[in-house]
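What follows is each chain in one-letter form.
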Amino acid sequence: MTKVVSLRRQGEFGVITVDNPPVNALSHAVRQGIVERLSEAQSDPEIQLIILTCSGRTFIAGADIKEFGKPPQEPDLNTVVNALQDSPKVVVAALHGTALGGGFEVALGCHYRIAAASAKVGLPEVKLGLLPGAGGTQRLPRLIGVLPALEMMISGNPVTAAVAADNGAIDRLSTGNLIDGAIEFARDLHSSQAPPRKISETSIDAEGLDQAFYDRFRESIAKKARGYFAPDRIIQAVQAAVCLPFQEGLARERELFVECMESSASAALRHLFFAERQASKIPGLSDDTPVRDIDRIAVIGAGTMGGGIAMNFANIGIPVKVVELDEDAITRGLGQVRKNYERGVKKGRMTADQLEQIMKLFVPITDYDDLNDVDLVIEAVFENMDLKKQIFGKLDQVCKPGAILATNTSTLDVDEIAAATERPEDVIGLHFFSPANIMRLLEIVRGERTSEEVLHTCVKLARKIKKVGVVSGVCYGFIGNRMLAGYGREAGFMLLEGASIESIDKAIFEFGMPMGPLAMNDLAGIDVGTKIREERRAAGTLPDDERFGLIADKLVAQGRCGQKTSAGFYSYEPGSRAPKPDPAVAALIAQEAARLGIEQREIDDEEIVARCIYPIINEGARILEEGIALRASDIDIVWINGYGFPPYRGGPMFYADTIGLKKVYDTICRYHDTLDDRFGYWEPASLLEKLAKEGKTFAECKR
Ligand code: 3HC
Ligand code: NAI
């Protein structure tokens, strides 16, 4: 059996290799192995200098997150890092892949670092609601300076080896074989009699690092850090690195690390780390399930969605045929695509030359016969069943056998669309979110007859285009939009019951959403909802409830469609996005409430949040119960990546588990009894009732 950590001698050098697939995480066996092999290397008189490296795809990618929350096992990570640092023989870390978190901290414990040119290093703990807890907050500022270290730890984003070499985190870049490069580096260190260089013994120049510096830094991250726990603790730990001797700083780091580990934000973010990876694991699909090659793509419709969808493929070098009704529509659509890329050029994300190259990947066509060679077509035309059926009928005739036919519909029945073809097994929903080139979420809608091969291909494809794919069954609105309905409904009802527009938006913003539901409505266009309600009313699928969307529809009737008309729930100065409360809207609401005989009252923030968020949870429970979502964590991933649910709350289902399903259930029952619930809006989902009564959580609810 191969050891998780091995030691071999190469001349006068001892090479310690960690081999713990897939990412060499610092499990107990790895920690213990490093300490033991290091000690063996110390006692081997032939070994003059030690190299620490990893096999497989990466250097150590961090602490083993799966061990978090379990009883700690010695040696802890600080013991490992300190053992490396205190080694009387020089230790060189040889990095490839991603040296992250505890992995990078291990490298910082070593005396010197060499990295493959393709390597990246970083301290991403903040993304798990943590801070670097094995000396990273104390060593990195000493090595590269306080501000760059803070920026790395607060963003959590890794930097390339070239950047790390530039700021001093890496001593040498290796262009050839890493181990050869490391041996050469070790030889140079040996011949120059370089001493073991301990970062802990370096001091930090505290010039300019007064309280005002930290205040300014806190202010600069305030918007992004809103609601999170760890960023402030990272700053405190770095302040300790500046003010305290190393050992005391390390002790302070430990205290703050424990605080972070115990925070609800970290529990939520760790849940999301695994939830995201879990989402691509679909019961019934395995590595043996075939995957089709997707090299040629077509998108039908170059409107708001089609253009953005096409960009995802062009961005990874796949040519996309773009189909429109006529030349004008294509010119308009691709003009918008170009504008999107031009913004990237302005921001320095791509060069003008790269823009021209990427635009060549968009192939405009108006003739469906040109679709005979594509592997995947994504339809993104108007939301109209007859039109979609007509298009799928045509695709069925022109596309080659085995081509995947996908629809981006947000509400229509994918099975009905599939039935317009002779190959429903090749039909699937690929529901992108707007703006499709930016939003990470992709709902992969599995029709009743969608084949496993097609599903598997789309799950893999999502990752390829850097989306997080979540599989949904077929229902109105799929996972996300179906759950959204109650959120907007209750915001509208509470207006009639006396809550002000600003108080609703403020409470929901403070809960952690990027903006409140009414400001969001103004941004997206209030008329979008009005149009959907009109269609649903005509189809008889809307409750016969006059309150439903009442204020929104009245505003649209007055031409107040939101930001685009400089007036909606709020007023806007032309060209400005800053919402201003408008007394005319408040008067309209009061007037409508009086007309309907609704008594207005004060509604506090707690009720506002519960009224908006609990319907999401309740519908999520139904979605879970019906098997539309495979698991509660998938629903969380949808809400985090598609709707801006605050990640530090872990998504609606995790949030519900955190506050306790009994509380959620009891509150829903109370609203059912007290809110004149003639239409059953507050009917508790039976799964919620069952779990609440059994004292269980959504997380325990496995299919
Ligand atoms: N611990 C345990 N498992 C881990 C892990 C970790 N640190 N990092 C990744 N994994 C697992 C994943 O869960 C996944 O498992 P699965 O196949 O069963 O789903 C598998 O490794 C592969 O991961 P990815 O699918 O993410 O593979 P990629 O190649 O896309 O990405 C990566 C690799 C960039 C290393 C990415 O996995 C990653 O970012 N990992 C987390 C890194 C991190 O956050 N490190 C800090 C940990 S906290 C820490 O170190 C605390 C310390 O300061 C005390
Ligand atoms: P849009 O109105 O902006 O664009 C539709 C485009 O399709 C137009 O450019 C039109 O010329 C073109 N088109 C119409 N018939 C065509 C045909 N027969 N052949 C080729 N092109 C044709 O619409 P949008 O917003 O892009 O929506 C498209 C689809 O995406 C709809 O099904 C919608 O429900 C869905 N969707 C929309 C989202 C949004 O936020 N706008 C979000 C997610 C999904």
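The model shown is predicted, which means the values in this text are computed figures rather than measured ones.

What counts and what doesn't
Residues numbered from 1 in each chain as written. Chains lettered and ligands numbered in written order. Predicted model: local features only at pLDDT ≥ 70, side-chain atom pairs only at ≥ 80, totals over all residues. Heavy atoms only, no water. Core = buried A, V, L, I, M, F, W, Y, C linked by side-chain atoms within 4.5 Å. Buried < 20%, exposed > 50% of the residue type's maximum accessible area, 1.4 Å probe, protein only. Helix = DSSP H or I, 4+ residues; strand = E, 2+ residues; numbered from the N terminus. Pairing = 2+ DSSP bridges. Domains from an automatic or database assignment. Near = heavy atom within 4 Å. Polar contact = N/O pair within 3.5 Å; in protein donor to acceptor, adjacent residues only side chain to side chain. Areas by Shrake-Rupley, 256 points an atom, 1.4 Å probe, with all protein chains shown as cover. Nonpolar A, V, L, I, M, F, W, Y, C, P; charged D, E, K, R; others polar. Patch = residues over 30% accessible without salt bridge, like charges linked within 9 Å, V, L, I, M, F, W, Y side chains within 5 Å. Salt bridge = Lys/Arg side-chain N within 4 Å of Asp/Glu carboxyl O.

### Focus: the nonpolar core
Okay, step 1: In terms of nonpolar packing, the biggest core is built from 86 residues, with I34, L52, L84, V92, L95, F104 and V121 touching the most fellow members.
Okay, step 2: The next biggest cluster of nonpolar side chains, apart from the first, holds 83 residues, and it includes Y487, I501, I628 and C701.

### Things to note about the pairing of strand 4 (residues 91-95)
Okay, step 1: Taken across its five residues, strand 4 has five buried, putting it largely inside the fold.
Okay, step 2: Of the two faces of strand 4, both are covered, the one formed by V91, A93 and L95 as well as the one formed by V92 and A94.
Okay, step 3: Bridge count for strand 3 (residues 49-54) against strand 4 is three bridges, and the pairing is parallel. Across the sheet, the residue bridging to L52 is A93, located in strand 4.

### A short note on the domain arrangement of the protein
Interfaces are often described in size by the accessible area the parts lose on coming together.
Okay, step 1: When cut into domains, the protein gives domain 1 (5-260), domain 2 (297-472) and domain 3 (480-700).
Okay, step 2: One C-alpha centre belongs to domain 1, the other to domain 3; they are set 45 Å apart.

### Topic: the site of ligand 2
Okay, step 1: Around ligand 2, the structure places 23 residues, and the nearest of them are M305, E324, E383, K388 and S410.
Okay, step 2: At a separation of 2.9 Å, an oxygen atom of ligand 2 approaches a polar backbone atom of T304.
Okay, step 3: At a separation of 2.5 Å, an oxygen atom of ligand 2 approaches a polar side-chain atom of K388.
Okay, step 4: For ligand 2, whose free accessible area comes to 840 Å², the fraction covered by protein is 79%.
Okay, step 5: For the shell around ligand 2, the secondary-structure elements that each account for two or more residues are helix 12 (304-314), helix 15 (385-398) and strand 15 (427-432).
Okay, step 6: In terms of residue count, helix 15 provides more of the shell around ligand 2 than any other element does, three residues in total.
Okay, step 7: Residue classes in the shell around ligand 2 are distributed as twelve nonpolar, eight polar and three charged.

### Concerning a nonpolar patch on the surface
Okay, step 1: A surface patch of nonpolar side chains, amounting to about 250 Å² of accessible area, comprises Y476, V528 and I532.
Okay, step 2: Here V528 lies in helix 21 (residues 526-539).

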